Amino acid sequence: ILNPVEKKLLLFFLVRKSECDVTLQGPVFIREPSNSIFPVDSEEKKVTLNCEAKGNPSPHYRWQLNGSDIDLSMEYRYKLNGGNLVVINPNRNRDTGIYQCFASNSLGTVVSKEAKLQFAYLENFKTKMRSTVSVREGQGVVLLCGPPPHSGELSYAWIFNEYPSFVQEDRRRFVSQETGHLYIAKVEPSDVGNYTCVVTSTVTNNRVLGSPTPLVLRTDGVMGEYEPKIEVQFPETLPAAKGSTVKLECFALGNPVPQINWRRSDGLPFSSKIKMKKSNGMLEIPNFQQEDSGLYECIAENSRGKNVARGRLTYYAKPHWVQMIKDVEAAVEDNLYWECRASGKPKPSYRWLKNGDGLVIEERVQLENGALSISFLNVNDSGMYQCIAENKHGLIYSSAELKVVASAPDFSKNPMKKLIQVQIGSLVIFDCKPKASPKAHCSWKKGDEVLQSSERITILKDGELQIANVTKLDVGTYTCLAENQFGKASSSTNLIVTEPTRITLAPSNMDVSVGESVILPCQVQHDPLLDIVFTWYFNGAITDFKKDGSHFEKVGGSSSGDLMIRNIQLKHSGKYVCMVQTEVDSVSSAAELIVRGSPGPPESVKVDEITDTTAQLSWKEGTDNHSPVTSYVIQARTPFSVGWQIVTTVPDVIDGKTFTATVVDLNPWVEYEFRVVANNKIGGGEPSLPSEKVRTEEAVPEVPPSEVSGGGGSRSELVITWDPVPEELQNGEGFGYVVAFRPLGVTTWIQTVVTSPDTPRYVFRNESILSFSPYEVKVGVYNNKGEGPFSPVTTVFSAEEEPTVAPSHVLANSLSSSIIEVSWDAIPWKMSSGRLLGYEVIPFYTQPLIHVYMYFIIIHANRFGNKFHFVFPAPSQPPANIVWNATESKVLINWEQVKAMDNESEVTGYKVFYRTSSQNNMNILNTNKTWAELLLPINEDYIIEVKASTDGGDGTSSEQIRIPRITSML
């Protein structure tokens, strides 16, 4: 018990210390020394052991070697570089041992883990000669190596006769990496020679060679067969560390050469990681674990017998932390329980250090199973503590700082809230958590009234004040008074009680269609002292009115947060939550919005069966978009169709619950694609992806050629013509035509075959054919499946007889600058020679020549006429430099004027030929200007060409101009 003066002094010290403790930190290692092997013959004349710690104040360092402090003033031997220890000109007799680093500051000391410094060296073999080894052929032999003095791991090899001829290990020869000896299971004549042991340091890579050992054969006979004798074997008990690589050697002498095999005595199979090396002379177990421990057997066997060597692998593990200690800050007079736990095999034991020294056990300080307990803490217990877990295979350190503090209550680091707002009827909680050591006792006042626990008021042990079912009468200033033996402190907060916020008009569930606009209401009644914030959530995510402004908008007054959704889409289906928040409370209301739209595309459309005219289809339903599918429509496309076409199906009407149908009335031997469109009461949806392309089966053709006709040709010819049958109506491969004809009045048909499906005519030549004789003609069809129907019979005349005389009395009279009148006498003609169709007038610069023609029809002349107004031909030059400009809904076209040559008719105007990309026939616009204006179509290209018009006909056409489609009229 402290008297008042001592209390004041201690309080002054502890308060000042508490103020400084904010930035103070005991030493904590960043880097610790590790085991090192230093080559004795290294050119490097120093070795460095690392040590670095952080702390405030900055730590200072000292080192120990084998438990004794190192005199760092011996600068010719040691140098301290920061915390690193530099050993100068290291000596294996003087500097070998265990090193530890100590880091200290005003808060304490920590000790690093132990680090072993070793020196690697390899001395030379003694130079004495080795004795000759004499053996019989077939006998086994061991050649001893006997490595020289050394430190560090070695590897062994043997030279046969001369370097670099090394002994190659196999089933008969083995070099032990444990002993260095060379083992030959059965000596053969080829083994005779000199053998030299080569020893290499794996640390320094230095290599030394022993004296040669001669091996010779004895002359007193050959060794007979004998059972295996195991010469190389592993220990009866071999400890193996967790995670290490274990190598077991086994080799036997014998005649015949023994076979080496391995097994576990418990009969368990080897894991896949275990490897056999050196002709089974070595068993290697990487990453050794506890399940790898047990009894292992090496079996050496030949035809004379077998031998077995056994050894047990035992598992051990260095300590490994399960629970490390952490920094603790405790108040004076508190109790401390600090536990550290480690795993390992054998089970680790524990000891503790305080500031680098062993912890002194006393009545207040106790250790039990690695746990440290200190009762009734005082400031002298502060410092750096280390828990050490160790077994015979190693030890580990865990470090932490114990800070014992003593201070009067202080609210500066954790002041009370200046203002607390709650709603009527709620529970209000006042925290009172001053920093104090030991913990302060807390009491409460409202204004000047001291508060006591009652039906609504609760004061908890930790100083917290709770008032239940708050009313307007509870408004006021509340003060927490905190006190311990070192002083007092207080902190206050103001309580405001408000009316609760209520939603007066909440959103309700709605069912709408795509494209509509809706308003979800959210209107509230709230305390006027409070500001409110409306937040909308869509399917759990906050609605972003900037990002989604094209669809979402917040509407209404200050007490309204109504949500308007414009042009609603399927993606807007879901749960909408209106959240209303104030400083003291929050309320929310949710509504489900169902958006119904036309169906999504059906899925997995496939053709299950195909015939010549039918296809059976199946598909899977797509999304109905909240409106059940009422029907399906099937569309088809072929290489000959214009886009997709609705096809006839069975059933004729496919209801929304049917997912298969048969398409009928298909053309045989045509490649089809199919797709399915779903419909609901909203409308038709997007079509499915097309099915795979399928071809209908072949069938006999059903459609004969059309427009069967003929006539003309040369003397003694019958010309028969027709329009070829389109490919989609040929119904199969091997399509062709059967042409049948006979003179009028004859009953027997003459038939011939035309094998090309694209041929539009057939010419029959025979000297017996009379000029202009009538024939009955019909054309049929066939393919590989058989013959189809013939066309209706029609009459065709054979070739006519050409005129043999020319017109006479040809006269020409000029009527104008571009018109000449030509007249002549008609020629005599008889109908049996054919039909005289007219005359052909050919102009020359001197005079026109008159030719009779039979297949020409010319304006101003007929077969009865003998007067002809000759018109110069139309210009050969097309309109050039056609330019177009689109303005709103029209397109304006301009071109250069066409000028006729002297022997061409004058241009009287122009014709603009135009059509859209979906039209087949041209429309014509006549104009006498060099420009024209056309209405511009929507979503289609315009194809345009221009010709000059004259009395001699239309001139040469310009190149086609394509005006690309537009997507809107805006």
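Note that the structure is a prediction, hence the values are computed from the model and not measured.

1. A few points about the overall build of the chain
Secondary structure assignment for the chain yields 2 helices and 89 strands. Computed over its C-alpha atoms, the radius of gyration of the chain comes to 56 Å, more than 25% above the 30 Å expected for a compact globule of 970 residues. Counting only residues that meet the buried cut, the chain has 40% of its 970 residues in that class. Sequence-distant contacts in the chain: of pairs separated by 6 or more residues, those separated by 24 or more amount to 64%.

2. Section: the nonpolar core
Grouped together as the largest cluster of nonpolar side chains are 24 residues, with contacts concentrated most on Trp 338, Trp 352, Leu 372, Ile 374, Tyr 385 and Leu 402. Contributions of two or more residues to this core are made by strand E31 (336-339), strand E36 (371-374), strand E37 (383-391) and strand E38 (394-405). Here the element with the most residues in this core is E38; it accounts for 4 residues. Setting aside residues up to four positions removed in sequence, Leu 402 forms contacts with Val 328, Leu 336, Trp 338, Ile 374, Leu 377, Asp 381, Ser 382, Gly 383 and Tyr 385. One finds Ile 420, Val 422, Cys 432 and Leu 495 within the second-largest nonpolar core, a separate group that totals 22 residues.

3. A word on the sheet that holds strand E58 (residues 586-596)
Spatial strand order, E50-E58-E57-E53-E54: 5 strands in an open sheet with mixed pairing. Either end of the sheet is taken by a strand with one partner, and the two such strands are strand E50 (510-513) and strand E54 (541-542). Of the pairings in the sheet, the one linking strand E53 (residues 533-538) to E54 comprises 2 bridges and is antiparallel in character. The residue bridging Tyr 537 from the neighbouring strand is Ile 542, located in E54.

4. Section: the sheet that holds strand E43 (residues 441-446)
In space, the 5 strands of this open sheet follow the order E40-E48-E47-E43-E44, with mixed pairing throughout. The two strands at the open ends of the sheet, each matched to only one other strand, are strand E40 (419-423) and strand E44 (449-450). Where E43 lies against E44, 2 bridges are found, and the strand directions are antiparallel. Each residue of the ladder has a partner; that of Lys 445, found in E44, is Val 450.

5. Regarding the pattern of salt bridges
Within the structure shown, the criterion is met by 30 salt bridges. With a shortest N-O distance of 2.3 Å, Arg 566 and Glu 553 are connected by a salt bridge. Here Arg 566 is found in the loop between strand E56 (562-565) and strand E57 (574-581), whereas its partner Glu 553 is found in strand E55 (residues 552-555), with 13 residues between them in sequence. Arg 566 sits in the partly exposed class, given a relative accessible area of 32%. Linked through salt bridges whose partners overlap, the residues forming this network are Arg 77, Arg 94 and Asp 95.

6. Some thoughts on the UniProt feature "domain: Ig-like" (unreviewed entry) in the chain
Per the UniProt entry, the sites bearing "domain: Ig-like" (unreviewed entry) are residues 33-118, 123-210, 228-314, 319-403, 409-498 and 500-588 in this numbering. For the annotated span residues 123-210, helix accounts for 0% and strand for 40% of the residues, and the straight-line distance between the end C-alpha atoms is 11 Å. The distance separating the terminal C-alpha atoms of residues 319-403 is 28 Å; by composition the span is 0% helix and 62% strand.

7. Description of the UniProt feature "domain: Fibronectin type-III" (unreviewed entry) in the chain
UniProt records the feature "domain: Fibronectin type-III" (unreviewed entry) for residues 601-699, 704-801 and 874-970 in the present numbering. The distance separating the terminal C-alpha atoms of residues 601-699 is 34 Å; by composition the span is 0% helix and 45% strand. The span residues 704-801 is 0% helix and 50% strand, and its two end C-alpha atoms sit 32 Å from each other.

Calculation criteria
- For every chain, the first residue of the written sequence is number 1, and numbering continues from 1 onward in sequence order.
- Totals for whole chains, interfaces and linings use all residues, but because this is a predicted model, local features are given only for residues with pLDDT of at least 70 and pairs of side-chain atoms are given and counted only at 80 or more.
- As a rule here, side-chain values cover all heavy atoms of the structure and leave hydrogens and water aside.
- Helix numbers and strand numbers start at the N terminus; a helix is a DSSP run of H or I with at least 4 residues, a strand a run of E with at least 2.
- For this measure, only C-alpha atoms enter the radius of gyration; the expected value for a globule follows 2.2 Å times N^0.38, where N is the number of residues.
- Only protein chains enter the accessibility calculation, which uses a 1.4 Å probe. A residue is then buried if its area is under 20% of the maximum for its type, exposed if over 50%, and partly exposed in between.
- Here, residues are in contact when the closest pair of their heavy atoms is within 4.5 Å.
- Definition of nonpolar core: a set of buried residues of the types Ala, Val, Leu, Ile, Met, Phe, Trp, Tyr and Cys, connected through side-chain atoms within 4.5 Å.
- Strand pairing follows a simple DSSP-based rule, namely that at least 2 bridges must link the two strands.
- For this document, the term salt bridge refers to a Lys or Arg side-chain nitrogen within 4 Å of an Asp or Glu carboxyl oxygen.
- UniProt positions are given in the numbering used here, feature names are shortened, and annotations may be inferred rather than shown by experiment.

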